[in-house]
Amino acid sequence: MTNDPHATTDHSDPIRKAPYWRLLALPFEFLKAVGRIVLYCIWYVAFYLLCAFRPFTGMLVLAAIVMLPMSIVVLTHPQAAAGMPFWLIGLIAIGFVAFALGYTMFVDWFTPPGAEDPFERYRRQR
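Criteria and thresholds
Residues numbered from 1 in each chain as written. Predicted model: local features only at pLDDT ≥ 70, side-chain atom pairs only at ≥ 80, totals over all residues. Heavy atoms only, no water. Helix = DSSP H or I, 4+ residues; strand = E, 2+ residues; numbered from the N terminus. Contact = heavy atoms within 4.5 Å. Areas by Shrake-Rupley, 256 points an atom, 1.4 Å probe, with all protein chains shown as cover. Salt bridge = Lys/Arg side-chain N within 4 Å of Asp/Glu carboxyl O. Buried < 20%, exposed > 50% of the residue type's maximum accessible area, 1.4 Å probe, protein only. Phe/Tyr/Trp six-rings, centres within 6.5 Å; stacked < 30°, edge-to-face > 60°. Axes fitted to C-alpha atoms, helices over the stretch in contact; angles between N-to-C directions. Parallel < 35°, antiparallel > 145°, perpendicular 65-115°, else oblique. Left-handed = near helix turned anticlockwise from the far one by under 90°. Nonpolar A, V, L, I, M, F, W, Y, C, P; charged D, E, K, R; others polar. Core = buried A, V, L, I, M, F, W, Y, C linked by side-chain atoms within 4.5 Å.

A. Just the overall build of the chain, in detail. Each helix and strand counted, the chain has four helices and zero strands in total. Written out in order from the N terminus, the α and β elements of the chain read α-α-α-α. Counted over contacts in the chain with a minimum sequence separation of 6, partners at least 24 positions apart contribute 74%. In the structure as shown, the chain presents an accessible area of about 10400 Å², 72% of it carried by carbon and sulfur atoms.

Pasting the structure below:
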């Protein structure tokens, strides 16, 4: 049997020895909980607002559909667009569609856990 002086040393947690350390940590735990609550509230409110603007991005797709025939009119009558080239209107239409799809994908990614789109009932079912 060896006489190890470290075997008798107490390596227990000082927080378990002195319960007053828990009382000193209590305000920090409270601030951490309040911070988490505020973060989740901001997250849910931002998601609600982003969902509220989804119909407007759907209107961008409709505007892109209208812009494609308009670019054909500008191709045949360049004076109708006041100097704007016909291909620029097509690029704007493609940008509208890309923005609408990207916005929808971002809102789906940004969804907080357990949240559902509150404006789903107003949108067309796929």
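Following the structure, the description resumes.
B. Quick peek at the pattern of salt bridges. Applying the stated criterion across every chain, the model contains two salt bridges. Across the pair Arg54 and Asp108 runs a salt bridge whose closest N-O atoms are separated by 2.5 Å. In this pair, Arg54 is assigned in helix H3 (residues 54–76) and Asp108 in helix H4 (residues 86–110), connecting sequence segments 54 residues apart. Residue Arg54 is classed as buried on the basis of its relative accessible area, which comes to 8%. Taking the relative accessible area as the measure of exposure, Asp108 reaches 47% and is therefore partly exposed. Across the pair Arg54 and Asp117 runs a salt bridge whose closest N-O atoms are separated by 3.1 Å. Separated by 63 residues along the polypeptide, Arg54 in helix H3 and Asp117 in the segment after H4 bring together distant segments of the chain.

C. Quick look at the packing of aromatic side chains. One pass over the structure, following the stated rule, counts seven aromatic pairs. A centroid spacing of 5.6 Å and a plane angle of 40° characterise the contact between Tyr40 and Trp43, whose relative ring orientation is tilted. Taken as a pair, Tyr40 and Trp43 lie in helix H2 (residues 20–52) at a separation of three residues, close to a single helical turn. Through pairs of rings, three or more aromatic residues link up here, namely Tyr40, Trp43, Phe106, Trp109 and Phe110.

D. Region of interest: the packing of H2 against H4. Relative to each other, H2 and H4 sit at 155°, their axes nearing to 10 Å. Taken together, the axes of H2 and H4 lie roughly antiparallel to each other. Considering how the two elements wind past one another, H2 and H4 form a crossing that is left-handed. Residues Trp43, Ala46, Phe47, Leu50 and Cys51 of H2 form the contact with H4, whose own contacting residues are Tyr103, Phe106, Val107 and Phe110. Residue composition of the contact of H2 with H4, by class: nine nonpolar, no polar and no charged.

E. Fine view of the nonpolar core. Within the largest apolar cluster, eight residues are counted, these being Phe47, Leu50, Cys51, Tyr103, Val107, Phe110, Ala115 and Phe119. Secondary structure elements with two or more residues in this core: H2 and H4. Filtering out sequence-adjacent residues up to four positions away, Cys51 remains in contact with Val107, Asp117, Pro118 and Phe119. Core analysis: the next-biggest nonpolar cluster, separate from the first, contains six residues, Ala64, Met67, Ala81 and Ala93 among them.

Scope: geometric values only; no functional claims are made or implied.
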